[in-house]
Amino acid sequence: MLEAHGFDADELKRRLESKDFAYLATLGPRSPNDVEWFRIDLDRCQGCENTTTLTAKSVDRVGEKGRGSEKTVIENLLVSQDEVDRLRHFEFDTPGPRGV
């Protein structure tokens, strides 16, 4: 899992669809004070163990009626093994959380 600062879900979706993972570095890591951020998850197929997909969600700590909420930005984007390796070793330009 990777958590990044941000709130423009449309831009994130566009960048992820074009496999522009360097865009995540421009967002910076989620900070403890963020009320909105993105969570990026990688899921490996348990059957073949070769297929990996990426899902990104927009997380809102406050959400509607005072409860936190998550909205899917992109789901099950196929990623290659090379892309998986890059994302697993991802580092923000600034100090913060590491890896997906």
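Just above, that's the structure.
About the thresholds
Residues numbered from 1 in each chain as written. Predicted model: local features only at pLDDT ≥ 70, side-chain atom pairs only at ≥ 80, totals over all residues. Heavy atoms only, no water. Salt bridge = Lys/Arg side-chain N within 4 Å of Asp/Glu carboxyl O. Helix = DSSP H or I, 4+ residues; strand = E, 2+ residues; numbered from the N terminus. Buried < 20%, exposed > 50% of the residue type's maximum accessible area, 1.4 Å probe, protein only. Arc of directions from axis to C-beta. Contact = heavy atoms within 4.5 Å. Core = buried A, V, L, I, M, F, W, Y, C linked by side-chain atoms within 4.5 Å. Polar contact = N/O pair within 3.5 Å; in protein donor to acceptor, adjacent residues only side chain to side chain. Pairing = 2+ DSSP bridges. Axes fitted to C-alpha atoms, helices over the stretch in contact; angles between N-to-C directions. Phe/Tyr/Trp six-rings, centres within 6.5 Å; stacked < 30°, edge-to-face > 60°. Lys NZ or Arg CZ within 6 Å of the ring centre and 35° of its normal.

Student: What is the right way to look at the pattern of salt bridges in this model?
Tutor: With the rule as written, the count across this model stands at eight salt bridges. In this structure, Arg-14 and Glu-11 form a salt bridge, with 2.8 Å as the shortest nitrogen-oxygen distance. Here the residue Arg-14 and the residue Glu-11 both occupy positions in helix H1 (residues 9-17), the gap between them amounting to three residues, near one helical turn. According to the relative accessible area criterion, Arg-14 is partly exposed, its value standing at 46%. Its relative accessible area of 19% is what places Glu-11 among the buried residues. A salt bridge links Glu-11 to Arg-15, with the nearest nitrogen and oxygen atoms 2.7 Å apart.

Student: Explanation requested: helix H3 (residues 81-88) in the structure shown.
Tutor: Since the α-helix packs 3.6 residues into each turn, any two residues three or four apart lie on the same face. Among the residues of H3, Glu-83, Val-84 and Leu-87 are the ones counted as buried. An end-on view of H3 places all buried positions within 100° of arc, on one side of the element. The inward-facing, buried residues of H3 abut helix H2 (23-27), strand S2 (36-44), strand S3 (52-60) and strand S4 (69-79).

Student: Is there a simple way to explain the nonpolar core in this structure?
Tutor: Inside soluble globular proteins, nonpolar side chains tend to come together where they are buried. Counting residues in each nonpolar core, the largest one holds 22 residues, and the members touching the most others are Leu-12, Leu-16, Leu-24, Leu-27, Ile-40, Leu-54 and Ala-56. At the level of secondary structure, the elements contributing two or more residues to this core comprise strand S1 (2-5), H1, H2, S2, S3, S4 and H3.

Student: So what exactly am I meant to see when it comes to the side chain of Glu-3 here?
Tutor: Counting through the fold element by element, Glu-3 comes out in strand S1. At a separation of 3.1 Å, a polar atom in the side chain of Glu-3 contacts the side chain of Arg-30. Among all residues touching Glu-3, those that are not within four sequence positions of it are Pro-29, Arg-30, Trp-37, Phe-38, Arg-39 and Phe-92.

Student: How should I be thinking about the sheet that holds S1 in this particular structure?
Tutor: In space, the four strands of this open sheet follow the order S1-S2-S3-S4, with antiparallel pairing throughout. The open sheet has two edge strands, S1 and S4, and neither has a second partner. Between one strand axis and the next, the sheet turns through 20° on average, direction left out of account. Sheet topology note: the S1/S2 ladder contains four bridges and is antiparallel. Pairing of Glu-3 across the sheet is with Arg-39, part of S2. Set on the sheet, H1 makes contact with S2, S3 and S4; between it and S4 the angle comes to about 10°.

Student: In this structure, what is going on with the packing of aromatic side chains? I would like to understand it.
Tutor: The geometry of an aromatic ring pair is captured by two quantities: the separation of the ring centres and the angle between the planes. Per the counting criterion, the structure on display carries zero aromatic pairs. Over the ring of Trp-37 we find Arg-30, and its NZ or CZ is 3.6 Å from the ring centre.

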